[in-house]
Amino acid sequence: MALDILAMAPLYQAPAITRIGPKTDPSKRPADPLKPLVPSRTKLTTIEAKRIMSILDEAINKVEKENFVIQELKNHLHQVLKFSENSLLRTKQEAEKQQKADFRASQARVAKIQQEILQLQSQFYNLVMENREAEQALRKKKYKVETEIENWIQKYDTEMGEKQEELEDLEAVHKEEKIALEELKRRHKVLVEEFVQIREEREINSKKRMEAEQEMVRMVRAATLIQAFWKGYLVRSLLRSKKKRGKGKAKGKEKGKQKGKEKGKGKK
């Protein structure tokens, strides 16, 4: 039996076990571990045959474990599918029940709403019939008010036209008066300038006249002083000459003094 297994060993291929790991380049993939362990028939030994058998047993055990895991997963998947089918069926039944209940409730609401609509329509008809006379009265009142409004608008337009004409006339008069006012202002300005100039000239003339009068007063005073000094000088010179002439001529001196005083009074 062992020889048959060893004879079949070169024809056996190990099952491909998929493992999660980093992807490697196919060109750099390691060689099959069985290839170096399976030499040619002529060089096969008992130790190598045992080693091959142990590797085969390990591979078979791994395959059996994986088959067991796959079977467990299939059973779990079957249970999940069965549970989901039951849950879906139960949800569908509940949805149908809810739909039927909602449909019955909606039918009841629709019937109630239709009844309320009929009641409201009857109330509306009654209200329309009751308020028809009031509506006609309001229509007449509305027509009357609209007529009055049109009359007032026409009256307003007429009055505003008249007021506009009056306003235009007043604006024309205002423009004319404004022009006249500007002319009067211009004349007033000229007169004010002339008045200021005349007043300045009068002030200058009055100042000159006052200065002339003051100068005249000063000149009169100076002339009076000069005459007084001159008369004093004459008197003193005459007195000196008379003293020299003697007493006989004293009377002539007195007469000369009297004549000098009279002349001074006549000049003043």
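No experiment lies behind these values; they were computed from the predicted model shown.

### Comments concerning the overall build of the protein
Now for step 1: Per the secondary structure count, the protein includes five helices and zero strands.
Now for step 2: The N-to-C order of helical and strand elements in the protein reads α-α-α-α-α.
Now for step 3: Put simply, the protein has 268 residues, and 4% of those count as buried.
Now for step 4: Within the protein, residue pairs in contact and separated by at least 24 positions form 51% of the contacts whose partners lie at least 6 positions apart.

### Some details on a nonpolar patch on the surface
Now for step 1: Judged by side-chain polarity, Trp230, Tyr233, Leu234 and Leu238 come together as a nonpolar surface patch covering roughly 410 Å² of accessible area.
Now for step 2: The residue Leu238 is located in helix H4 (residues 132-245) in this model.
Now for step 3: Taking relative accessible area as the criterion, Leu238 reaches 39% and is therefore assigned partly exposed.

### Quick look at the pattern of salt bridges
Now for step 1: Scanning all chains against the criterion turns up four salt bridges.
Now for step 2: Its salt-bridge partner being Glu135, residue Arg139 comes within 3.0 Å of it at the nearest N-O pair. Linking Arg139 with Glu135, this pair stays in helix H4, spanning four residues, or about one helical turn.
Now for step 3: According to the relative accessible area criterion, Glu135 is partly exposed, its value standing at 38%.
Now for step 4: The partner of Arg186 in a salt bridge is Glu183, with the nearest N and O atoms 2.1 Å apart. Here Arg186 pairs with Glu183, and both are found in helix H4, just three residues apart, close to one helical turn.
Now for step 5: A cluster of three or more residues bridged by salt bridges with shared partners is formed by Glu183, Arg186 and Arg187.

### A few points about a negative patch on the surface
Now for step 1: A contiguous patch of negative charge, built from Glu159, Glu162, Glu165, Glu166, Glu168, Asp169 and Glu171, is present on the exposed surface.
Now for step 2: By relative accessible area, Glu171 is classed as partly exposed at 41%.

### Structural notes on helix H3 (residues 46-130)
Now for step 1: Helix length check: H3, at 85 residues, gives a terminal C-alpha distance of 121 Å against a target of 126 Å (1.5 Å per residue), a fit within 8%.
Now for step 2: Listed as buried for H3 are Ala49, Ile52, Leu56 and Ala59.

### Digging into a positive patch on the surface
Now for step 1: A cluster of basic side chains, namely Arg236, Arg240, Lys243 and Lys244, defines a positive patch on the protein surface.
Now for step 2: Note that Arg236 resides in helix H4.

### Regarding the confidence of the model for the protein
Now for step 1: Taken as a whole, the protein shows an average pLDDT of 77; of its residues, 75% reach a score of 70 or greater.
Now for step 2: Low confidence marks residues 1-43, where pLDDT is under 50. Its contacts with residues over four positions away, or in another chain, come to 22 contacts.

Conventions and cut-offs
- Residues numbered from 1 in each chain as written.
- Predicted model: local features only at pLDDT ≥ 70, side-chain atom pairs only at ≥ 80, totals over all residues.
- Heavy atoms only, no water.
- Helix = DSSP H or I, 4+ residues; strand = E, 2+ residues; numbered from the N terminus.
- Buried < 20%, exposed > 50% of the residue type's maximum accessible area, 1.4 Å probe, protein only.
- Contact = heavy atoms within 4.5 Å.
- Patch = residues over 30% accessible without salt bridge, like charges linked within 9 Å, V, L, I, M, F, W, Y side chains within 5 Å.
- Areas by Shrake-Rupley, 256 points an atom, 1.4 Å probe, with all protein chains shown as cover.
- Salt bridge = Lys/Arg side-chain N within 4 Å of Asp/Glu carboxyl O.
- Lys, Arg positive; Asp, Glu negative; His and termini not counted.
- Charge placed at Lys NZ, Arg CZ, Asp CG, Glu CD.
- Expected span 1.5 Å × (residues − 1).
- pLDDT = per-residue confidence, 0-100.

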